[in-house]
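Fold and contact review
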Amino acid sequence: MNWLKAFATASLGKKYLMGLSGLFLCLFLVVHLAGNLLLYVGNDAYNEYAEKLHGNKEFLLIAEVLLYSAFAFHISYGIWLHLGNRAARDQRYAMVQSKRADRTLNPAMPTPDKTMFITGLIVLMYLSVHLSDFKGEFGWAPAMEGLSRAEKAQLVVSDTVRAVIYLAGAIVLGIHVSHGFQSSFQSLGLNHSKYTPTIRKLSILFGFVVAIGFGSFPIVAKIANWGKVTPATAVESEVTETPETPAASNN
């Protein structure tokens, strides 16, 4: 296992793991967005999709292990690479300053890796809120009682505070993946003068799709008034009482 440890800690190995985990997470975003878009088809379609997904316990367990592992790799290695790049950049800055005292450089200026680090932290906070709402249902338990999965999703994204968080998070996520998608190919060494420009354009397009797709839910929720949901169990339990027929009087 020493070779695996050496590969994972080497500069090239970290870049490969970042690239692979990044592409896997981009694939997850596509699948996740496609499933969420079923809310626009109808509650029945979304509920059927959600029930099939959560009904297969073995598949769900494997998928969650892979997903959380990819997140853990991506976040930890992202921080690791950022700190390494920052140290190298500060060292280069000091060397240039010693050679060119008349030239002013600002190491705090935004760079692609620094921008990715900042947007990545925001996405991490956005993800934490999302998991808290949908996985743990923290703070939603009383309001979600009796609601279907579709109604729960509609209730969350229609909340004013959550609408702002989810819209802002979707925009930042789109910015993050618009650079991260092409960066993943670059980390894997898949650079070519013929294909790289196309990958760059696809990456920007992918970022727009992600931002618009996920950002559309809180907007539509407010327009369509998704927050006014009625628990399905409550609807089913409503019974129209038939007035009793007065007993015929015996004369």
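Everything numeric here is computed off the predicted structure, so don't read it as measured data. (Residues numbered from 1 in each chain as written. Predicted model: local features only at pLDDT ≥ 70, side-chain atom pairs only at ≥ 80, totals over all residues. Heavy atoms only, no water.)

A few points about the side chain of S203
Mapped onto the secondary structure, S203 falls in helix α10 (residues 196-224). For S203, the residues in contact, after removing those within four places along its chain, are V177, S178, H179, F181 and Q182. (Helix = DSSP H or I, 4+ residues; strand = E, 2+ residues; numbered from the N terminus. Contact = heavy atoms within 4.5 Å.)

Structural notes on the packing of helix α4 (residues 43-55) against helix α8 (residues 149-158)
Two quantities define a packed helix pair, namely the angle between the helix axes and the distance between the axes. Contact geometry for α4 and α8: axes closest at 8 Å, N-to-C directions at 110 degrees. When the axis of α4 is compared with that of α8, the two are roughly perpendicular. Between α4 and α8, the residues in contact are N43, Y46, N47, A50, E51 and H54 and R149, A150, E151, A153 and Q154, respectively. Residues belonging to the contact of α4 with α8 are distributed by class as follows: four nonpolar, four polar and three charged. (Axes fitted to C-alpha atoms, helices over the stretch in contact; angles between N-to-C directions. Parallel < 35°, antiparallel > 145°, perpendicular 65-115°, else oblique. Nonpolar A, V, L, I, M, F, W, Y, C, P; charged D, E, K, R; others polar.)

A look at the packing of helix α9 (residues 160-187) against α10
Relative orientation of the contacting elements α9 and α10 amounts to 170 degrees, with a least axis distance of 7 Å. Accordingly, the angle class assigned to the pair α9 and α10 is roughly antiparallel. Of the residues that constitute the contact of α9 with α10, the class distribution is 17 nonpolar, eight polar and two charged.

Points about the pattern of salt bridges
Tallied over the full model, the rule gives five salt bridges. For K135, the salt bridge goes to E64, with nearest N and O atoms at 2.5 Å. Taken together, the residues span a long stretch of sequence, with K135 in helix α6 (residues 112-136) and E64 in helix α5 (residues 57-99) at a distance of 71 residues. Here R162 and D133 are joined by a salt bridge, their closest N and O atoms 2.7 Å apart. Placement of R162 in helix α9 and of D133 in helix α6 is noted, with a sequence separation of 29 residues between them. (Salt bridge = Lys/Arg side-chain N within 4 Å of Asp/Glu carboxyl O.)

Here we look at the packing of aromatic side chains
Summed over all chains, the structure comprises eight aromatic pairs. Ring centres of Y126 and Y166 lie 5.7 Å apart, and the angle between their planes is 80 degrees; this geometry places the pair in the edge-to-face category. A residue pair is termed long-range when its members are at least 10 positions apart, and Y126 in helix α6 and Y166 in helix α9 qualify at 40 residues. Since its relative accessible area comes to 5%, Y166 is described here as buried. Where F134 meets Y166, the ring centres are 6.4 Å apart and the plane angle is 75 degrees; that geometry is what we call edge-to-face. (Phe/Tyr/Trp six-rings, centres within 6.5 Å; stacked < 30°, edge-to-face > 60°. Buried < 20%, exposed > 50% of the residue type's maximum accessible area, 1.4 Å probe, protein only.)

Topic: the side chain of N47
Summarising the element assignment, N47 is placed in helix α4. With relative accessibility at 16%, the residue N47 sits in the buried group. Reaching out from N47, the side chain makes a polar contact with the side chain of S148 at a distance of 3.5 Å. Apart from residues no more than four positions distant in its own chain, N47 is found in contact with S148, R149 and A150. (Polar contact = N/O pair within 3.5 Å; in protein donor to acceptor, adjacent residues only side chain to side chain.)

Concerning unusual backbone geometry
Backbone geometry places E137, a non-glycine residue, at a positive phi of 55 degrees. Within the secondary structure layout, E137 lies in the loop between α6 and α7 (141-144). Here E137 falls in the partly exposed class, since its relative accessible area comes to 25%.

Regarding the confidence of the model for the protein
Per-residue confidence for the protein gives a mean pLDDT of 80, with 73% of residues at or over 70. The spread of mean pLDDT over the elements of the protein runs between helix α11 (residues 232-237), the lowest at 44, and helix α3 (residues 38-41), the highest at 95. The low-confidence segment residues 95-99, where pLDDT is below 50, has four contacts with residues more than four positions distant or belonging to other chains. Counting contacts from residues 233-242, a segment whose pLDDT is below 50, to residues more than four positions away or on other chains yields two contacts. (pLDDT = per-residue confidence, 0-100.)

Some remarks on the nonpolar core
Generally speaking, nonpolar side chains in soluble globular proteins are found buried as a group. Core analysis: the largest hydrophobic core is formed by 30 residues, its most contacted members being L39, L173, F214 and F217. Listed by contribution, the elements that provide at least two residues to this core are α2 (11-36), α4, α6, α8, α9 and α10. For L173, the residues in contact, after removing those within four places along its chain, are L29, V123, Y126, V210 and F214. With five residues, the next largest nonpolar core counts L25, L67, F71 and L127 among its residues. (Core = buried A, V, L, I, M, F, W, Y, C linked by side-chain atoms within 4.5 Å.)

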